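# Breakdown of the fold
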Amino acid sequence: MAPITNGAPAPKKRIAVMTSGGDSPGMNGSVRAVVRMAIDQGCEAYCVYEGYEGLVQGGDLIRQAQWEDVRGWLSEGGTLIGTARCKAFTERPGRLKAAKNMIDKGINALVICGGDGSLTGADKFRGEWPSLLEELVKNGDISTEQQKTFQYLNIVGLVGSIDNDFADTDATIGCYSSLGRICEAVDYIDATAFSHQRAFVIEVMGRHCGWLALMAGVSTGADFIFIPESPPDRDWEDQMCDIISKHRNLGKRKTIVIVAEGAHDLDLTRISPNKVKDLLSTRLKLDTRITTLGHVQRGGNACAYDRQLSTLQGVEAVNAVLEATPETPSKFIAIIENKIVRNPLIEAVKSTQEVAEAIKAKDFKRALDLRGPEFAEYHQAYMMTTATDQPALRLPKQTHMNIAIIHVGAPAGGMNSATRAAVAYCLSRGHTPIAIHNGFPGLVRHHADEPVGSVRYVQWLDVEGWISKGGSEIGTNRDLPSKVGMGETADCFNIYKFDALFIIGGFEAFTALSELRKARPDYPAFRIPMMLLPATISNNVPGTEYSVGSDTCLNALTSYCDAIKQSASASRRRIFVVETQGGKSGYIATMGALGIGAVAVYTPEEGINLQMLGRDIEHLKQSFAKDKGQTRAGKLILCNEHASETYTTEVVASMIREESKGRFESRFAIPGHVQQGGTPSPMDRVRAVRLAVKCIQAIEQYAGKSKEEIMEDDLSMAVIGVKGISVVFGAMERLEREETNWNHRRPKDESWLQYKKTVDTLSGRPRPEDCCTSCGKMR
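Here is a short report on the structure shown in this document. (Residues numbered from 1 in each chain as written. Predicted model: local features only at pLDDT ≥ 70, side-chain atom pairs only at ≥ 80, totals over all residues. Heavy atoms only, no water.)

## Some details on the overall build of the protein
Broken down by element type, the protein carries 27 helices and 24 strands. A compact globule built from 779 residues would reach a C-alpha radius of gyration of about 28 Å, and the protein, at 28 Å, matches this within 12%. Among the 779 residues that make up the protein, the fraction classed as buried is 62%. Summarising the internal contacts of the protein: among those between residues at least 6 apart in sequence, 78% fall at separations of at least 24. Summing over all exposed atoms, the protein offers an accessible surface of approximately 29200 Å²; the carbon and sulfur share of this is 48%. Once the 91 positive and 94 negative side-chain charges of the protein are each reduced to a mean point, those two points are 4 Å apart. (Helix = DSSP H or I, 4+ residues; strand = E, 2+ residues; numbered from the N terminus. Rg over C-alpha atoms; globule rule 2.2 N^0.38 Å. Buried < 20%, exposed > 50% of the residue type's maximum accessible area, 1.4 Å probe, protein only. Contact = heavy atoms within 4.5 Å. Areas by Shrake-Rupley, 256 points an atom, 1.4 Å probe, with all protein chains shown as cover. Lys, Arg positive; Asp, Glu negative; His and termini not counted. Charge placed at Lys NZ, Arg CZ, Asp CG, Glu CD.)

## Considering helix H9 (residues 273-282)
Taken as a whole, H9 has its buried residues at Pro273, Val276, Leu279 and Leu280. The buried residues of H9 all sit within an arc of 130 degrees when viewed along its axis, so they share a single face. Of the surrounding elements, those touching the buried residues of H9 are strand E6 (199-204), strand E7 (224-226), helix H8 (236-250), strand E8 (255-260) and strand E9 (288-292). (Arc of directions from axis to C-beta.)

## Here's the deal with the sheet that holds strand E13 (residues 432-436)
Backbone-to-backbone hydrogen bonds join strands into a sheet, with any given pair of strands oriented parallel or antiparallel. Taking strand neighbours across the sheet as the criterion, the seven strands line up as E14-E13-E12-E15-E16-E21-E22 in an open arrangement whose pairing is mixed. One side of each edge strand has no neighbouring strand; the edge strands of this open sheet are strand E14 (455-457) and strand E22 (726-731). Sheet twist, expressed as the mean angle between neighbouring strand axes with direction ignored, is 25 degrees. Strand direction decides the pairing type here: strand E21 (residues 717-723) and E22, joined by six bridges, are antiparallel. The residue bridging glycine 721 from the neighbouring strand is valine 728, located in E22. Sheet strands in contact with helix H26 (residues 732-739) are E21 and E22, and its direction is about 90 degrees off that of E22. (Pairing = 2+ DSSP bridges. Axes fitted to C-alpha atoms, helices over the stretch in contact; angles between N-to-C directions.)

## With respect to the pairing of strand E5 (residues 154-159)
Across the six residues of E5, six count as buried, placing the element largely inside the fold. Burial of E5 is two-sided: the residues Asn154, Val156 and Leu158 facing one way and the residues Ile155, Gly157 and Val159 facing the other way are all buried. Inspection of the sheet shows strand E4 (residues 109-114) paired to E5 by six bridges, in the parallel sense. Bridge pairing links glycine 114 to valine 159 in E5. Taken together, the three bridges between E5 and strand E10 (residues 331-336) define a ladder with parallel strand orientation. The residue bridging valine 156 from the neighbouring strand is lysine 331, located in E10.

## Comments concerning the packing of aromatic side chains
For the structure on display, the rule yields 17 aromatic pairs. Where phenylalanine 166 meets phenylalanine 332, the ring centres are 4.9 Å apart and the plane angle is 80 degrees; that geometry is what we call edge-to-face. Of this pair, phenylalanine 166 sits in the loop between E5 and helix H6 (175-196) while phenylalanine 332 sits in strand E10, and the two are 166 residues apart along the sequence. Just as phenylalanine 166 is buried, phenylalanine 332 falls in that class too. Taking 5.1 Å as the distance between ring centres and 75 degrees as the angle between the ring planes, the aromatic pair formed by tyrosine 176 and tyrosine 305 counts as edge-to-face. With tyrosine 176 in helix H6 and tyrosine 305 in helix H10 (residues 304-323), this residue pair connects regions lying 129 residues apart in the sequence. As far as burial versus exposure is concerned, tyrosine 176 and tyrosine 305 are alike and both buried. Ring pairs connect the aromatic residues Phe493, Tyr496, Phe498, Tyr523 and Phe526, which therefore count as one cluster. The side chain of lysine 635 reaches across the aromatic face of phenylalanine 624, ending 4.4 Å from its centre. The cationic tip of arginine 690 hangs over the ring face of tyrosine 378; the distance from NZ or CZ to the ring centre is 5.5 Å. (Phe/Tyr/Trp six-rings, centres within 6.5 Å; stacked < 30°, edge-to-face > 60°. Lys NZ or Arg CZ within 6 Å of the ring centre and 35° of its normal.)

## Quick look at the sheet that holds E10
With mixed pairing, seven strands are arranged side by side in an open sheet as E3-E2-E1-E4-E5-E10-E11. Two strands close off the open sheet at either side, each with one partner strand: strand E3 (62-65) and strand E11 (339-344). The sheet shows a mean angle of 30 degrees between the axes of neighbouring strands, taken without regard to direction. Packed on one face of the sheet, helix H4 (residues 116-138) meets E4 and E5 and runs near 175 degrees to E5.

## Re the pairing of E10
For E10 and E11, the ladder comprises six bridges, and the chain directions are antiparallel. Residue pairing in the sheet places isoleucine 333 in a bridge with arginine 342 of E11. Between the antiparallel neighbours E10 and E11 lie two residues, among them glutamate 337 with a positive phi of about 55 degrees.

## What to know about helix H1 (residues 27-40)
For H1, which comprises 14 residues, the first-to-last C-alpha distance of 20 Å matches the rise-based estimate of 20 Å (1.5 Å per residue) to within 8%. The element H1 is extensively covered by neighbouring structure, given that 12 of its 14 residues are classed as buried. Where H1 is concerned, the buried positions are Met27, Asn28, Gly29, Ser30, Val31, Arg32, Ala33, Val34, Val35, Arg36, Met37 and Ala38. Looking one or two residues past H1, glycine 42 carries a phi angle of roughly 85 degrees, positive in sign. (Expected span 1.5 Å × (residues − 1).)

## Quick look at the side chain of threonine 536
With respect to the element layout, threonine 536 can be found in the loop between strand E16 (530-534) and helix H20 (550-571). Given a relative accessible area of 11%, threonine 536 falls into the buried group. A distance of 3.1 Å separates a polar side-chain atom of threonine 536 from the backbone nitrogen of serine 538. Not counting the four nearest positions on each side in its chain, threonine 536 is found in contact with Ala412, Gly506, Val541, Ser547, Val548, Gly549 and Ser550. (Polar contact = N/O pair within 3.5 Å; in protein donor to acceptor, adjacent residues only side chain to side chain.)

## Overview of unusual backbone geometry
Glycine aside, the phi torsion of most residues is negative, and most peptide linkages are trans. For the peptide bond that leads from glutamate 450 to proline 451, omega is 0 degrees, which places it in the cis range. Along the polypeptide, proline 451 turns up in the loop between helix H15 (439-446) and E14. Here asparagine 164, not a glycine, exhibits a phi torsion of approximately 50 degrees, which is positive. Within the element layout of this structure, asparagine 164 appears in the loop between E5 and H6. Relative accessible area serves as the criterion here: at 6%, asparagine 164 is assigned to the buried category. In this structure, glutamate 337 takes a positive phi of about 55 degrees despite not being glycine. As for its position among the elements, glutamate 337 is in the loop between E10 and E11.

Shape is all these values report; function is a separate question.
Okay, here's the thing in structure tokens:
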């Protein structure tokens, strides 16, 4: 369609998308989502190339995007439409040109993915829009009819920033990918540091924001961190050396210190990596090296979470544009805990800028508060678990508890991170952590084994290196208390005088806790507080929308599918049907499909039938028929292992191959236990730490209470979960009764089901109502 230059109203809403500021992994996912969602909603989509520079220059730098133009973009790093600094846009003449170019193209809505500077410029542009149009009319550049047609400009922001430095959102597009680069580097460095008993000082990005340094500290178990929002005390040199010396005296062979590039002391004097290195070398006589990670933190493909986040936020941005009125203030799309929300843009920009102002004014408490409650909780969790000898944290002796820790179910990334955090927190508070090895069978059958039984008192050095280890270091087992003997289980609780039980695991762990709750009237030993931290790749535990281990699984599945898709792309005319794990929950299949851009996804919740297969096969035929040699042509379908007893992954692939009549190939692939992942993802590590600390804090509230008081409290047996915008504890009795689908081993209401429609929309999968019921062809 030709650009509008004669004042005629645009026949459809035209939505432009651009990326601005520093690039971040996931930006391409947001562009793809905006383009395809806009087209699906009957709008026209445009891409602005080279950021605000393209908006000012106009011409071919603003061009219409078609559905196929963004194929394969999810797996690409950086930004494929470019970004550039633009001094011209900071001045009114530049913004005047940008307004003229947009009107020439008929664009009346703009979605911008960038940092606070980019979004501040966007809101200013919208505020000036009416006066810019008046000036353009006065200069004769546009007609009064055009002024009337384009009198309102809708702007929606997406925050793309590896620093995660934007207010009113828990995560920005690209931050977890960047954190993944840091953790991977530190894990590598950790090995050589251990081998040579060295100390490493690692500088990470973050001039005004310490999120990357803090989260790297939490997820790697660093000995000390320096962040701008919370400078160390004036005696920080003595404090750091004291902590590191204690760790070394306990037997730790390595030392890791994380320094944000904007780190400083209470007087705002910069703390450089060289200063820290010199201190460790001269005072502690440690062989110390510096590693500055630099722009490697910004590069590479987006992790699974950033692909999902950018996609969901891109879709929500289009919805926000379509629902906006002239009176609607500019919004940006945020995520709070597990929920995508729209927040006021200008207030968030103001709060973001206030952090730097608070730091400059040395009001560090305000700076920390402005980062939000999640940031503060992670900071507190790090401070409580980085060192166990902290007299200020120690509770009175009469409140000390024997806290047993057990893993139940299949292994999941982050189990060890949660265990390490729980042990460190217990020791810092004066509690006695007790590890039960190999689940309930280990407890009952092997607790008295010689020379070492399955019930072991844990010291800090035992778990110090576990944060980056996958699987379960204390072992995990699916067998329930009822199988090994309820009476025998109770006897063991009494023998070792358990005051509380911290369970880490999946649906089997949930079932075990249910059994223990129901057995409370008959066995007084079970009348103690018990908390469950959901940890399973299937993410099927009632009471939470997120389980530790599911993000690690999705990263492993995404990497696997990227490799498979590359094979399919090389052959051009090939589709792979990939089988995912997940039990009878389609979470992994659906979120995996969202992150890789699958053609279709089959889940147990929806099942598979002949009509569905017919529609999908017909869609594939049409798609391959239209393919005239475009790159990135490989296609994938994700199929949950229990989507259908009849139409298995192999059967689906065979049916597609048969119906293709040689026009394209069809293969199936089963990643199997590869999906459990190796090294836990940063998200699973940090969330495991945060949730584990919260669980032990909840257990502490029952210290000194009688068994009767504990039994009367419904929350004395609870599941910690992320639900919507909150972290909550759900009482087991209520969860069992109201929220559990026992037959299918999953929650009754699964929040992620809404994303199944998003997968179908962005893949172009035909809707049932748009197809012939007999042949599957589009009507």
